[in-house]
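# Geometric and topological summary
One letter stands for each residue in the lines below.
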Amino acid sequence: MISSLATMPLAAVGEVGESFFHKRTGETLPCQARGGHLFCWDWATENIHRFGTPTLQQLELTLISVLIGFAIAFALALLAHRYRLLQWPLLAGTGILFAIPSIAFFLLLLPITGRSRETAIIALSAYTLQIIYRNVMQGLANVPDSAKQAARGMGLTERQILWKVELPLAIPEIVGGLRIATVSTVAIATLAVFAGGGGLGTQIYNSANLSFPTAIIIAGGIAMAMALAFDAVFLTVQRFATPWRRVEAEAA
Amino acid sequence: MNALAAIPYPVFAGFTGAFEFIFSKQESSVTGGKKVGGIEQVLELAWTQTYVSLLALALALVIAVPIGLYFGHRGTGELLAVGIGNAGRAVPELALIALIAAVIGVGIPVLTIALAVLGIPPILTNTFVGVQQADRSAVTAARGVGMTEFEILRKVELPMAVPGIMTGVRGAMVNIVATATIAPLVGVVTLGDFILGENVYGTNGVLAGAICTAILALIFEFALAGLQRQLTSKGLRLQAQ
């Protein structure tokens with residue numbers, strides 16, 4: 001059985017890494033070259049600047065993708081809200097996009113859109129569709145009939161009911177969907193390196209770092225911290241936007 | 001700016017070569033005439049990916065469902081259950097797998113545990129929520145007719161939680177299969193080997209790997225969706241309509 005990665009490139013990786021560090025530090029062996037270190041503080045303090053650009057790229061990928069995904073999913077949800085027949089096909093369609101492994105998605109786009117940040121953004125936005133669409137629909141479905149009837153009784157048109165009653169009441173679920181979508185997108189954006197989209201993945205899937213825990217821990221740590229920061233931000237937004245409801249939409 | 005050499009990336013011509021790669025063996029440009037690809041190798045790697053994915057899913061189920069049921073039934077530990085779900089979403093798979101390869105080592109057991117760790121959060125959270133949101137009046141009625149707590153859990157709350165649990169299982173499987181694609185990093189040869197091993201399989205192989213992985217993931221998704229329908233009790237299905 002041929003295992004291309006387990007045997008060939010990884011063997012080479014060690015050499016690249018070592019020669020690289022010998023060159024940089026001269027006399028003394030850096031802790032990474034001595035081996036047995038999980039985290040190499042010397043290297044980390046000296047090289048932390050490497051992670052700046054990838055971090056910004058990751059942030060950019062996430063924000064743009066979630067924005068595009070939200071615009072599309074929100075429009076689809078409104079359509080499905082109006083034309084019930086579309087509900088099932090849209091749920092199934094976005095579900096299929098969601099089920100395709102991210103790496104495969106990136107690579108399948110490459111022959112069409114080429115290696116670029118745009119390719120990564122297309123795939124990442126496609127992933128958010130299902131989450132946001134489902135949550136918006138859920139939010140609209142949870143609006144009590146009494147509220148809609150009261151609005152109708154007051155003489156509001158269907159459009160006014162949607163924008164002034166249903167959507168505001170659905171905010172907890174909508175923000176909940178954005179929250180889940182953003183957090184997962186940060187994590188998946190690490191794989192954007194396979195689409196040539198940059199991001200923190202470049203510091204992990206990289207011939208010198210692949211066997212070097214310090215770089216992986218830093219890159220992974222930044223990604224995770226970014227995801228958790230977004231989580232906290234959206235939680236706060238959710239509380240402020242809906243003082244009448246605590247966080248019960250999380251689970252959806 | 002970045003002094004570290006990046007792994008070279010393939011340039012793709014189109015999909016035709018990829019389909020040829022899937023169905024017939026090809027001379028590799030790099031391995032010196034050794035033939036790669038073809039339906040046999042595709043199926044072999046697909047089987048490995050299926051096998052580790054199912055193993056990991058089983059392990060995740062065995063751990064997550066009982067814990068979710070227990071806390072859901074007691075109605076405590078919400079912060080923990082939901083928190084684990086949130087934290088789980090934030091884990092970057094590539095970093096996790098690369099770190100495991102660099103620190104712990106390679107092999108199927110290591111991979112299975114790593115994949116199960118990724119699968120546990122969605123199952124745990126959805127099981128918890130599913131049980132907790134089970135109709136309270138039904139639970140009270142069950143208690144009224146003299147069911148023990150265990151019977152209530154098994155005969156009332158569990159059936160009502162099945163759609164939730166299965167939603168979690170599907171989410172977990174999406175994650176597990178996707179991550180199993182980078183399993184060659186921990187020395188397990190899945191379909192991802194085509195994707196990560198351009199030096200052996202060529203660009204057609206990379207694209208073929210992507211196609212096969214996507215198909216495999218969709219098969220899992222449809223199978224689990226079907227299973228969800230089978231497992232959901234008839235009463236609940238009628239109620240939903």
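Residues numbered from 1 in each chain as written. Chains lettered and ligands numbered in written order. Predicted model: local features only at pLDDT ≥ 70, side-chain atom pairs only at ≥ 80, totals over all residues.

### Describing the overall build of chain B
For the record, the criterion: Here a helix means four or more residues in a row that DSSP labels H or I, a strand means two or more in a row labelled E, and each is numbered from the N terminus. Our contact criterion uses C-beta atoms placed from the backbone: two residues qualify when those atoms are within 7 Å.
Scanning chain B from terminus to terminus reveals 10 helices and 2 strands. When its helices and strands are written in sequence order, chain B yields α-β-β-α-α-α-α-α-α-α-α-α. A principal-axis box enclosing the C-alpha atoms of chain B has dimensions of 75 × 40 × 30 Å. Within chain B, counting contacts between residues at least 6 apart in sequence, those at least 24 apart form 76% of the total.

### Here's the deal with the overall build of chain A
Just so we agree on the cut-off: Buried means a residue has 20 or more other C-beta atoms within 10 Å of its own C-beta, exposed means 12 or fewer, and partly exposed covers the counts in between; C-beta atoms are placed from the backbone.
A count of helices and strands for chain A gives 10 helices and 0 strands. Residues counted as buried form 46% of the 252 residues belonging to chain A. Sequence-distant contacts in chain A: of pairs separated by 6 or more residues, those separated by 24 or more amount to 74%.

### Details of helix 2 (residues 38–74) of chain B
Residue and element names in this part refer to chain B. Definition in use: A helix is expected to span 1.5 Å multiplied by its residue count minus one. Bend, at a single residue, is the angle you get between axes fitted to the 7 residues ending at that residue and the 7 residues starting at it.
The terminal C-alpha atoms of helix 2, which comprises 37 residues, lie 53 Å apart, in line with the 54 Å expected from a rise of 1.5 Å per residue. L61 marks the point of greatest bend in helix 2, at about 25°. At the C-terminal side of helix 2, G75 shows a positive phi close to 75°.

### Points about the environment of A101 of chain B
By secondary structure assignment, the location of A101 of chain B is in helix 4 (residues 93–103). Once you skip the residues sitting within four places of it in the chain, A101 of chain B turns out to touch V106, L185 and V186 of chain B.

### Here's the deal with the confidence of the model for chain B
Reading predicted coordinates in detail is not appropriate for stretches of low pLDDT. All names here are of chain B. Here is the rule we go by: What pLDDT expresses is the predictor's confidence in each residue, scored from 0 to 100.
A residue-level look at chain B finds 90% of positions with pLDDT of 70 or above and a mean pLDDT of 82. Mean pLDDT across the secondary structure elements of chain B bottoms out at strand 1 (residues 25–27), with 70, and peaks at helix 5 (residues 108–132), with 89. Counting interchain partners and residues more than four positions distant, the pLDDT-below-50 stretch residues 1–6 has 8 contacts. Scored by ipTM, the complex comes to 0.80, with pTM at 0.81.

### Observations concerning the nonpolar core
Here is the rule we go by: Put simply, a nonpolar core is buried Ala, Val, Leu, Ile, Met, Phe, Trp, Tyr and Cys residues tied into one set by C-beta atoms within 7 Å.
Core analysis: the biggest nonpolar cluster contains 137 residues, and F106, L107, I216 and A223 of chain A together with I97 and A98 of chain B have the highest contact counts within it. Top contributing element to this core by residue count: helix 7 (residues 149–180) of chain B, with 14 residues.

### Overview of the confidence of the model for chain A
Residue and element names in this part refer to chain A. Scored by pLDDT, chain A comes out at a mean of 79, with 80% of its residues at no less than 70. Element-level mean pLDDT values for chain A span from 41 in helix 1 (residues 4–25) up to 92 in helix 4 (residues 52–82). In the model, residues 1–28 has pLDDT below 50 throughout and makes 42 contacts with residues more than four positions away in sequence or in other chains.

### Considerations on helix 7 of chain B
Between its terminal C-alpha atoms helix 7 of chain B stretches only 39 Å, short of the 46 Å expected from 32 residues at 1.5 Å a residue. Of all the bends in helix 7 of chain B, the largest measures some 50° and sits at L158 of chain B, one to four residues before the proline P159 of chain B.

### Side note on the packing of helix 4 of chain B against helix 5 of chain B
Residue and element names in this part refer to chain B. Put simply, the test is: The axes are straight lines fitted to the C-alpha atoms, using for helices just the contacting stretch, and the angles between their N-to-C directions are given from 0 to 180°. To sort the angles, those under 35 degrees are grouped as roughly parallel, those over 145 as roughly antiparallel, those from 65 to 115 as roughly perpendicular, and the leftovers as oblique. The hand of a helix crossing depends on one turn: near helix anticlockwise from the far one by less than a right angle means left-handed, and clockwise means right-handed. When residues are sorted by character, Ala, Val, Leu, Ile, Met, Phe, Trp, Tyr, Cys and Pro go into the nonpolar class, Asp, Glu, Lys and Arg into the charged class, and all the rest, Gly among them, into the polar class.
Contact pair helix 4 / helix 5: the axes reach a minimum separation of 11 Å and the direction vectors enclose 155°. Judged by the inter-axis angle, helix 4 sits roughly antiparallel to helix 5. Read as a crossing pair, helix 4 and helix 5 show a hand that is right-handed. Along its contact with helix 4, which presents E93, L96, I97 and I100, the element helix 5 presents V110, A114 and L118. Considering only residue class, the contact of helix 4 with helix 5 consists of 6 nonpolar, no polar and 1 charged.

### Considering the environment of S102 of chain A
Secondary-structure assignment places S102 of chain A in helix 6 (residues 102–113). Judged by the 28 C-beta atoms lying within 10 Å of it, S102 of chain A is buried. Taking C-alpha positions, S102 of chain A is 9.3 Å from F194 of chain A, a pair spaced 92 residues apart along the chain. Excluding residues within four positions of it along the chain, S102 of chain A makes contact with A123, Y127, I188 and L191 of chain A together with A178 of chain B.

### Structural notes on the packing of helix 1 (residues 16–23) of chain B against helix 9 (residues 198–231) of chain B
Residues and elements named next belong to chain B. Interhelical geometry of helix 1 versus helix 9 gives an angle of 75° and a closest axis separation of 8 Å. One element, helix 1, and the other, helix 9, form an angle in the roughly perpendicular class. Every residue of helix 9 that contacts helix 1 at G17, A18, E20, F21 and I22 is listed here: N204, G205, L207, A208, I211 and C212. A per-class count over the contact of helix 1 with helix 9 returns 7 nonpolar, 3 polar and 1 charged.

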